[in-house]
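# Summary of the model geometry
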Amino acid sequence: QVSLAEAGGGLVEPGGSLTLSCVTTGRTSRDYKMAWFRQGPGKDREFVAAINLNDRRTYYGDSVKGRFTLSRDNVKNTMYLQMNSLNPEDTGLYSCAAGRPILAALRDEKMYYYWGQGTQVTVSS
């Protein structure tokens, strides 16, 4: 059984930065991908970023490319999402997920088996 626990959300002003973390408990095989999704108020859940556990290759959603950086510490089983230049459109519940999606389905939340409870990020002045 795999469980995921997010931390690091909070209130930040526009232009600010925040780092989220997701700790994995339990065994995930090297062919897993781990991802961040977010859901803003009144919006559908949106793909943010994903990382291959085997080669640490990363993938980003268009709305965060160039501002967010995803990394993973395999010793600590922890994934980090460094978020810079935040704007109000980045507000939402950020959830981490683990699964084995093929590359073409990377952004499909239905392809992920395990989910955390989420951490709230609010960008507001």
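Everything discussed here concerns the structure shown above.
Residues numbered from 1 in each chain as written. Predicted model: local features only at pLDDT ≥ 70, side-chain atom pairs only at ≥ 80, totals over all residues. Heavy atoms only, no water.

## Remarks on the environment of Gly-15
Secondary-structure assignment places Gly-15 in the loop between strand 2 (10-12) and strand 3 (18-25). Gly-15 sits 87 residues away from Ile-102 along the chain, and the two C-alpha atoms are 34 Å apart. When sequence neighbours within four positions are dropped, the list of residues in contact with Gly-15 reads Ser-85 and Leu-86. (Helix = DSSP H or I, 4+ residues; strand = E, 2+ residues; numbered from the N terminus. Contact = heavy atoms within 4.5 Å.)

## Quick look at the sheet that holds strand 7 (residues 68-73)
Strand order across the open sheet formed by 4 strands is 1-3-8-7, with antiparallel pairing between neighbours. At either end of the open sheet lies a strand with only one pairing partner, and these are strand 1 (3-7) and strand 7. Neighbour to neighbour, the strand axes of the sheet diverge by 15° on average, direction disregarded. As paired elements, strand 7 and strand 8 (residues 78-83) share 6 bridges and run antiparallel to each other. Bridging from a neighbouring strand, Phe-68 pairs with Met-83 of strand 8. (Pairing = 2+ DSSP bridges. Axes fitted to C-alpha atoms, helices over the stretch in contact; angles between N-to-C directions.)

## A look at the pattern of salt bridges
In this structure the tally under the stated criterion is 7 salt bridges. Asp-31 is the salt-bridge partner of Arg-100, the closest N and O atoms lying 2.9 Å from each other. Placement of the pair is Arg-100 in the loop between strand 9 (92-99) and strand 10 (112-115) and Asp-31 in the loop between strand 3 and strand 4 (33-39), with a sequence separation of 69 residues. Exposure remark for Asp-31: the relative accessible area of 42% places this residue in the partly exposed category. (Salt bridge = Lys/Arg side-chain N within 4 Å of Asp/Glu carboxyl O. Buried < 20%, exposed > 50% of the residue type's maximum accessible area, 1.4 Å probe, protein only.)

As far as function goes, none of this settles anything; it's purely spatial.
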